[in-house]
Amino acid sequence: KRDDKFAQLTQEHVDFFKTLLGSESAVIDGTSQDLTEEMIPFNEDWMHKYRGQSKLVVKPASTEEVSKILKYCNDNMLAVVPQGGNTGLVGGSIPVFDEVIINMSRMNQIHSFDDVSGSLVLDAGVVLEAADQYVAERGYIFPLDLGAKGSCHVGGNVATNAGGLRLLRYGSLHGSVLGMEAVLPDGTIMNDLCTLRKNNTGYDLKQLFIGAEGTLGIITKLCIQCPQRSPAVNVAFLGLESYEKAQLAFREAKSQLSEILSAFELMDGLSQDLVHRVRQGKKPLDDEHPFYCLIETSGSNGEHDYEKLEKFLEDVMSNEIVSDGVVAQDATQVKSLWSWREGVPECVGHWGGVYKYDVSIPLSDMYRIVPDTEKRMREAGLLGDTDEFPVLGVIGYGHMGDANIHLNVAVRRYDKAVEKELEPWVYQWIQERQGSISAEHGLGLAKKNYIKYSRNEVFMGMMKQIKQLYDPNGIMNPYKYV
Ligand code: FAD
Ligand code: MLT
Ligand code: ZN
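All of the points below concern the structure found in this document. (Residues numbered from 1 in each chain as written. Chains lettered and ligands numbered in written order. Predicted model: local features only at pLDDT ≥ 70, side-chain atom pairs only at ≥ 80, totals over all residues. Heavy atoms only, no water.)

**Structural notes on the sheet that holds strand S12 (residues 291-299)**
Strand order in the open sheet formed by seven strands is S13-S10-S12-S11-S15-S16-S14, with antiparallel pairing between adjacent strands. Either end of the sheet is taken by a strand with one partner, and the two such strands are strand S13 (324-327) and strand S14 (353-360). Averaged over all pairs of adjacent strands, the angle between their axes in this sheet comes to 15 degrees, without regard to strand direction. Helix-sheet contacts for helix H9 (residues 243-257) involve strand S10 (232-240), strand S11 (261-268) and S12, and the interaxial angle to S11 is about 170 degrees. Most of the contacts of helix H12 (residues 331-342) go to S10, to which it runs at about 45 degrees, and overall it touches S10, S11, S12, S13, strand S15 (391-399) and strand S16 (404-411). (Pairing = 2+ DSSP bridges. Helix = DSSP H or I, 4+ residues; strand = E, 2+ residues; numbered from the N terminus. Axes fitted to C-alpha atoms, helices over the stretch in contact; angles between N-to-C directions. Contact = heavy atoms within 4.5 Å.)

Here it is as structure tokens:
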């Protein structure tokens, strides 16, 4: 239900924003003219699962504009939703009712880069791929990579504390974000745009905004610690007969590849089959296998790294840990092998939709959630090969190196009966194994009712206190998890 404490948008409000932002393209006004079509991309998520009813998008171009917008909204009790590239998977960037959308796409400047330390200062609205490209030209790498890199913003990445494909090597954004500028709901600008590696001067308040999903304020600028880019990147793609063998392969990869190991990803057979059904083309390995792993190495000596990877592959194949495997021969093949992993999120939704659960579970038990979910769907009569069944398959893939699996239930259509069988059962399953119901995607709208499966009362109480302190009117991304 819409909260009555929030004001309804009026022409006076809209005029204020138009005057403040000046430029025509900075405000999309769905109140006076019929701009329904233009509003849809801002009101709807990537999977067409969530849809809001906002009538106004504002696109600030500077921190001062963000500050003035928020102050005005706070003074006038207008609820807001911060929005980056709108690629989030939990409905966090979509309004629920008529919240004003503050879209960050015009704040897209790179401000400075220190070629010696690797610290990069940039606006929150810079697209991740553009940031990575910028530092690549200078011999550095952005410490985060993920399938949505062409659209997501670095601000959105930090707001969700995105994990992605490089976390195993470069760690979480909690470590890579050196500095931040953010605007509080009352318009106050918090300037902690520190470029230093070390700074223990009291509370590290920027950490609160990392993963807060836009519930405390708007991130406007960031300083990111970028590591040196490894000149040699190699990729191997393995086929395995069981999840137990995948664990052995991971153990072996850590021990044999040690400092050059930069990614260890798991994909089950059905996930790869779905990618193949959508994309066709030649598969990386000729035969089918119940599991696949993608291993990436990044180092400074290509020949040496390649030898290490080949030797590793020889060993795991002769020990019968791995059934088959291939090592990329050039950069094009590296990209192509990665596309079998990165293509999963898009391909799995091809038949109508997907229920997504992004979870951390201790490694020994991690994959079990997939067959258990499949069994549950079958027993409920919801999974089958023909159109009468809503569910066409249950798959698991993800960042095995981080004990993070993506349980996906691919459906022909979204169906309440499927949802009822899955939730809260999935969350209970995770709780029983001391897992986390949100490993990297956040809580947003999708998991708002299920936090208790991963957090206790005391912890939730403290989160509410922090929210109350910084956003006493509750205008920041309401109806979501806090
Ligand atoms: P949005 O979706 O626009 O917003 C996400 C949340 O952040 C919302 O709650 C929003 O209100 C808030 N927000 C956005 N910008 C700001 C800001 N400047 N200040 C304050 N709050 C803000 N995630 C992973 O962790 N790992 C992956 O490997 C991964 N792969 C993905 C692959 C695909 C194909 C897709 C579609 C998504 C993937 N994601 C992954 C989800 C991931 O959360 C997002 O892609 C990304 O981090 C969100 O950035 P965005 O700019 O699109 O944010
Ligand atoms: C991934 O690892 O591919 C992403 O987190 C997206 C997803 O879960 O589908
Ligand atoms: Zn992921």
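**Considering the environment of Ile405**
Positionally, Ile405 belongs in strand S16. Taking the relative accessible area as the measure of exposure, Ile405 reaches 0% and is therefore buried. Taking C-alpha positions, Ile405 is 11 Å from Asp365, a pair spaced 40 residues apart along the chain. Filtering out sequence-adjacent residues up to four positions away, Ile405 remains in contact with Tyr357, Asp358, Val359, Ile361, Met366, Tyr367, Ile369, Val370, Gly396 and Tyr397. (Buried < 20%, exposed > 50% of the residue type's maximum accessible area, 1.4 Å probe, protein only.)

**Things to note about the pattern of salt bridges**
Per the counting criterion, the structure on display carries 29 salt bridges. Notably, a salt bridge pairs Asp132 with Arg229, separated by 3.2 Å at the nearest N-O pair. Placement of the pair is Asp132 in helix H4 (residues 128-136) and Arg229 in the loop between strand S9 (218-225) and S10, with a sequence separation of 97 residues. For Arg229, a relative accessible area of 27% corresponds to the partly exposed category. Among the ionic contacts, a cluster of salt bridges with common partners joins Asp132, Asp145, Lys149, Arg166, Arg229 and Glu342. (Salt bridge = Lys/Arg side-chain N within 4 Å of Asp/Glu carboxyl O.)

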